[in-house]
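One letter stands for each residue in the lines below.
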Amino acid sequence: VQLQASGGGLVQAGGSLRLSCAASGRTFRIYTMGWFRQAPGKEREFVGASTRSFGTIYYAESAKGRFTISRDNAKSTMYLQMNSLKPEDTAVYYCAGSPSIIIGTIRRTSSYEDWGQGTQVTVSS
């Protein structure tokens, strides 16, 4: 599946953004979908993910309570609602997907087969 992330931008600390990840193809509903981010000079890190089966959502500790993942299988789109943004949230955000992921590895970048191009999120202090 091909993925396209959008919705990034510049926002002040405490503000909100909603990212979207649009997928092509009819297999979106069977994909486990994840959000990752990569700040300059740092490794790509897990933000959160939504499983394909029961739609269980997993979050990184840094995202809990502030970020919300949702998906609309009819629109083949996943969302990342980000509230109470902090300067340390500044990064390029990527969406990723895979039709088969072992739950224990859902936080690993290597578990995902397909990746979007990334969208820049910049949070000013």
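To start, this report covers the structure provided alongside it.

Parameters at a glance
- Residues numbered from 1 in each chain as written.
- Predicted model: local features only at pLDDT ≥ 70, side-chain atom pairs only at ≥ 80, totals over all residues.
- Heavy atoms only, no water.
- Helix = DSSP H or I, 4+ residues; strand = E, 2+ residues; numbered from the N terminus.
- Rg over C-alpha atoms; globule rule 2.2 N^0.38 Å.
- Buried < 20%, exposed > 50% of the residue type's maximum accessible area, 1.4 Å probe, protein only.
- Contact = heavy atoms within 4.5 Å.
- Areas by Shrake-Rupley, 256 points an atom, 1.4 Å probe, with all protein chains shown as cover.
- Pairing = 2+ DSSP bridges.
- Axes fitted to C-alpha atoms, helices over the stretch in contact; angles between N-to-C directions.

1. So, the overall build of the protein
A tally of helices and strands in the protein yields zero helices and 11 strands. The C-alpha radius of gyration computed for the protein amounts to 13 Å, which stays within 12% of the reference 14 Å derived for 125 residues, consistent with globular compactness. Taken along its principal axes, the extent of the C-alpha atoms in the protein is 40 × 30 × 25 Å. For the protein, the residues scored as buried account for 46% of the 125 residues in total. Counting only contacts in the protein whose residues sit at least 6 apart along the sequence, the fraction spanning at least 24 positions is 58%. Accessible area of the protein: about 6500 Å², with a carbon and sulfur share of 47%.

2. A closer look at the sheet that holds strand S3 (residues 17–23)
Judged by pairing direction, the sheet is antiparallel, and its four strands sit side by side in the order S1-S3-S8-S7 without closing on themselves. The open sheet has two edge strands, strand S1 (3–6) and strand S7 (67–72), and neither has a second partner. Ignoring which end each strand starts from, the neighbouring axes of this sheet average 15° apart. In terms of strand pairing, S7 meets strand S8 (residues 77–82) through six bridges, oriented antiparallel. Each bridged residue has a counterpart across the sheet, and for Ser70 the counterpart in S8 is Tyr79.

3. Digging into the pairing of strand S5 (residues 45–50)
Counting buried positions over the six residues of S5 gives five, a clear majority of the element. Here strand S4 (residues 32–38) runs beside S5; their pairing, made up of five bridges, is antiparallel. When the sheet's bridge partners are listed, Trp35 is paired in S5 with Gly48. Counting the residues between successive antiparallel strands, the hairpin from S4 to S5 contains six residues, one of them, Gly41, with a positive phi of roughly 80°. Strand direction decides the pairing type here: S5 and strand S6 (residues 57–59), joined by three bridges, are antiparallel. Across the sheet, residue Ser50 finds its bridge partner in S6, namely Ile57.

4. Considering unusual backbone geometry
Even without being a glycine, Ser76 presents a positive backbone phi close to 50°. Along the chain, Ser76 falls in the loop between S7 and S8. One non-glycine residue with positive phi stands out, namely Ser84, at about 50°. Within the element layout of this structure, Ser84 appears in the loop between S8 and strand S9 (91–98).

Purely geometric stuff here, so don't read any function into it on its own.
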